[in-house]
Amino acid sequence: MEASGGAGGSFLKDIVAYVEVWSSNGTENYSKTFTKQLENMGAKVSKTFNKQVTHVIFKDGYQSTWDKAQKIGAKLVSVLWVEKCRMMGARVDESLFPAVNSNEHLPSPMRKKHKCMQPKDFIPKTPENNKRLQKKFDKMAEELQRQKTTLDDGVPVLQFESRSLVYSSTTPVRSHQSMMEKRLKEMKEKREHLSPTSSQMFEQAQQNPNTSLCEASLNVSRESLSSGVKSEPLRPETSDSSCSDLVRPHKKPKKCGKGQKPMRTLVMTSMPSEKQTLIIQVVNTLKGFSFTPEVCESTTHVLVGKSVRTLNVLMGIARGCWILSYEWVLWSLELGHWISEEPFELSQSFPAAPTCWTSAESHTYTLHLKTSRQVCRLERQLSTQRYQGALFANQPKMFIAPASSPPRAKLCELVLLCGGQVSPTPQLASLIIGPYHGKKEARIQYLSEKWVLDSITQHKVCDFTDYQWLQ
């Protein structure tokens, strides 16, 4: 559970922190994410290392930063300390999360170089933030003012000549305007024989509501052909639903080549935006995953920010995925590689997330089920074919009501993934899930959607009596 912390979330107000967090290969800088988290907890974050710094959040940083921190007596802590403070809502003992310096005892030539490969934030140059541009702007303004005072009477105008701005009299401008008017007139005469633009087609369609945009384009094409000018018929705009199939070919999803395994996908759910940013950076560095917004067949890991039962969590349980906390990514970042997932499974929040440990007496891995906790993930790992659960395998056919919440399609998918049978009509079913307003029969059990969700979460078929649907 996450604590809210002190008043206003400022329980680290007495801390001046300096953040230096890099990837293990020295090419990715993760400092910005932890800087924001510290500021949200009330800490002051210094952009430069100075004597006021009390804490240094350090991972694979510069040796000089490590030496300075030890010299002034600043506390060197890992990124795990920041996350623990945020979760507890209070300042945590720094000695529990010491920083590690892998370069401390290496000679200078062997120490890792830091070269950030991330693109820098683009800041456009303006006279306000660029002194050189400001000088050039002032010089140009002075030159314009000088030219203005030397010109004859009349309204001066600006002209571009040889990459500079100069003042000129209005006479050339008037002759230029007359030339432009003449040119526009010629273009207008020529345009009468050309095919109209899409806006003109739209106006024609509005004048005749019975004519669609496609027909309007065909009519326009015929008119242009009858006028004796060759022109190609215009394509209808893609916004018109009646012609969308003509201009939008259906794209087939890309398939993996022979012998090439599909990449594992990772899903984030109930995850704050700043944590999502860090996870994306870590995955881009350590590789091995791609992201998808919803759990699918290739999903192997579901990262949960808050212990909330979402559809992605339920889908992950039903598909035998790892249901992990955010700390798994932090520890992997700290160690520079993907570590074992088992210590970070959310088995307490979601009992269907299994636990597995070693039996010391037999020296073999033994699977332990606690209070009917399921082993979907372990079954999926042991399965040689496409995995399907067996939670609802012995249950009668179910009909999912159209007005169900979560949506009917998602509930059907969950039931099927857990080995259940879904009936297309209520007459063929013995269980009806969700709000049903038809004629009730004594042979049918009417249950709420929560029965399906709780059964999957606990990996046991819950008793019907606690989930009877009451109108």
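Quantities reported herein were computed from a predicted structural model and do not represent experimental measurements.

Colleague: Can you walk me through the sheet that holds strand β14 (residues 431–433) in this structure?
Modeller: Each strand in a sheet pairs with its neighbour through backbone hydrogen bonds, running either in the same direction (parallel) or in the opposite one (antiparallel). Here three strands make up an open sheet; going across it, the order is β13-β14-β15 and the pairing parallel. Edge positions in the sheet fall to β13 (398–400) and β15 (445–447), since each of these pairs with one other strand and no more. Geometrically, the sheet is characterised by an average inter-axis angle of 20° between neighbouring strands, direction not taken into account. Of the pairings in the sheet, the one linking β14 to β15 comprises three bridges and is parallel in character. Each residue of the ladder has a partner; that of Leu431, found in β15, is Gln445.

Colleague: Even after reading the chapter, I still don't get helix α11 (residues 327–335), so can you show me in this structure?
Modeller: Think of an α-helix as turning once every 3.6 residues; residues three or four places apart then point the same way. Counting buried residues in α11 gives seven out of nine residues, a clear majority hidden from the surface. Those residues of α11 lying buried are Glu327, Trp328, Val329, Leu330, Ser332, Leu333 and Glu334. In the segment just after α11, Gly336 is the residue with positive phi, at about 85°.

Colleague: Looking at this structure, I do not really get the pattern of salt bridges. What am I missing?
Modeller: If charged atoms from side chains of opposite charge come close, those side chains can pair. Going through the model one piece at a time under the given rule, you end up with nine salt bridges. Measuring nitrogen to oxygen at the nearest pair gives 3.0 Å for the salt bridge that ties Glu441 to Arg443. Overall, Glu441 belongs to the partly exposed group, its relative accessible area being 36%. According to the relative accessible area criterion, Arg443 is partly exposed, its value standing at 47%. With a shortest N-O distance of 2.9 Å, Asp454 and Lys450 are connected by a salt bridge. With Asp454 and Lys450 both in helix α14 (residues 450–458), this residue pair falls four residues apart, about one helical turn. A relative accessible area of 7% places Asp454 in the buried class. Among the charged side chains, a salt-bridge network with shared partners connects Glu83, Arg86 and Lys275.

Colleague: Help me understand the side chain of Ser325 in this model?
Modeller: Note that Ser325 resides in strand β10 (residues 322–325). Since its relative accessible area comes to 11%, Ser325 is described here as buried. A polar side-chain atom of Ser325 sits 3.0 Å from a polar atom in the side chain of Glu327. If sequence neighbours within four positions are ignored, Ser325 has contacts with Leu303, Val304, Phe344 and Leu346.

Colleague: Help me out: how do you make sense of the nonpolar core in this one?
Modeller: As a rule of thumb, soluble globular proteins bury nonpolar side chains together. Counting 37 residues, the largest nonpolar core has Phe34, Leu38, Ile57, Trp81, Leu278, Leu303 and Trp328 as the members making the most contacts within it. Per element, the largest residue contribution to this core is five residues, and it comes from helix α3 (residues 79–88). In contact with Leu38, not counting residues within four places along its chain, are Leu12, Ala17, Val19, Ala43, Val45, Ile57, Trp81 and Val82. Counting residues in each nonpolar core, the second largest holds 32 residues, with Val313, Leu391, Ile400 and Val415 among its members.

Colleague: Help me understand the pairing of strand β1 (residues 16–21), please; the structure alone is not making it clear to me.
Modeller: Side chains on a regular strand alternate between the two faces of the sheet. Buried residues dominate β1, accounting for six of its six residues. The alternating pattern of β1 places Val16, Tyr18 and Glu20 and Ala17, Val19 and Val21 on opposite faces, both of which are buried. Two elements, β1 and strand β2 (residues 44–45), share two bridges in a ladder whose sense is parallel. Considered in β2, the bridge of Val16 is made with Lys44. Each parallel crossover has a hand, and the one from β1 via helix α1 (residues 31–40) to β2 is right-handed. Sheet topology places β1 next to strand β3 (residues 55–59); five bridges connect them, and they run parallel. Bridged to Val19 within β3 is Ile57.

Colleague: Could you clarify how one ought to interpret the sheet that holds β2 in this entry?
Modeller: In spatial order, the strands read β2-β1-β3-β4; together these four strands make up an open sheet with parallel pairing. Whereas interior strands pair on both sides, the edge strands pair on one side only; in this sheet they are β2 and β4 (75–77). Sheet topology places β3 next to β4; three bridges connect them, and they run parallel. Opposite His55, over in β4, you have Lys75 as the bridge partner. Packed on one face of the sheet, α3 meets β1, β3 and β4 and runs near 120° to β3.

Colleague: How do you make sense of unusual backbone geometry when you look at a structure like this?
Modeller: A negative phi angle characterises most non-glycine residues, just as the trans form characterises most peptide bonds. Residue Pro406 follows Ser405 across a cis peptide bond; omega there is 5°. Along the chain, Pro406 turns up in the loop between β13 and α13 (408–417). At Lys287, a position not held by glycine, the phi torsion is positive, near 65°. Position of Lys287 relative to the elements: it lies in the loop between α9 (273–286) and β8 (290–291). We classify Lys287 as exposed; its relative accessible area is 53%. The phi dihedral of His459 falls on the positive side, at around 50°, and the residue is not glycine.

Colleague: Whenever I open this one, helix α10 (residues 311–318) confuses me. Can you help?
Modeller: Burial within α10 is extensive, with seven of its eight residues counted as buried. Of all the positions in α10, only Asn312, Val313, Leu314, Met315, Gly316, Ile317 and Ala318 are classed as buried. Just past α10, the residue Gly320 takes up positive phi, approximately 75°.

Colleague: Sorry if this is basic, but what is going on with the packing of aromatic side chains here?
Modeller: The way to describe two aromatic rings as a pair is by their centre distance and the angle between their planes. According to the stated counting rule, one finds nine aromatic pairs in the structure shown. Taking the centre distance of 4.8 Å and the plane angle of 20° together, the rings of Trp328 and Trp338 count as stacked. With Trp328 in helix α11 and Trp338 in the loop between α11 and β11 (356–359), this pair connects stretches of sequence that are 10 residues apart. An aromatic cluster is built from Phe289, Trp328 and Trp338, whose rings are joined through pairwise contacts. Across the ring face of Phe289, the terminal group of Arg264 is positioned such that the distance to the ring centre comes to 4.1 Å. The cationic tip of Lys440 hangs over the ring face of Tyr446; the distance from NZ or CZ to the ring centre is 5.1 Å.

Reading the values: rules and limits
- Residues numbered from 1 in each chain as written.
- Predicted model: local features only at pLDDT ≥ 70, side-chain atom pairs only at ≥ 80, totals over all residues.
- Heavy atoms only, no water.
- Pairing = 2+ DSSP bridges.
- Helix = DSSP H or I, 4+ residues; strand = E, 2+ residues; numbered from the N terminus.
- Axes fitted to C-alpha atoms, helices over the stretch in contact; angles between N-to-C directions.
- Buried < 20%, exposed > 50% of the residue type's maximum accessible area, 1.4 Å probe, protein only.
- Salt bridge = Lys/Arg side-chain N within 4 Å of Asp/Glu carboxyl O.
- Polar contact = N/O pair within 3.5 Å; in protein donor to acceptor, adjacent residues only side chain to side chain.
- Contact = heavy atoms within 4.5 Å.
- Core = buried A, V, L, I, M, F, W, Y, C linked by side-chain atoms within 4.5 Å.
- Right-handed = clockwise from strand over helix to strand, strands pointing away.
- Phe/Tyr/Trp six-rings, centres within 6.5 Å; stacked < 30°, edge-to-face > 60°.
- Lys NZ or Arg CZ within 6 Å of the ring centre and 35° of its normal.

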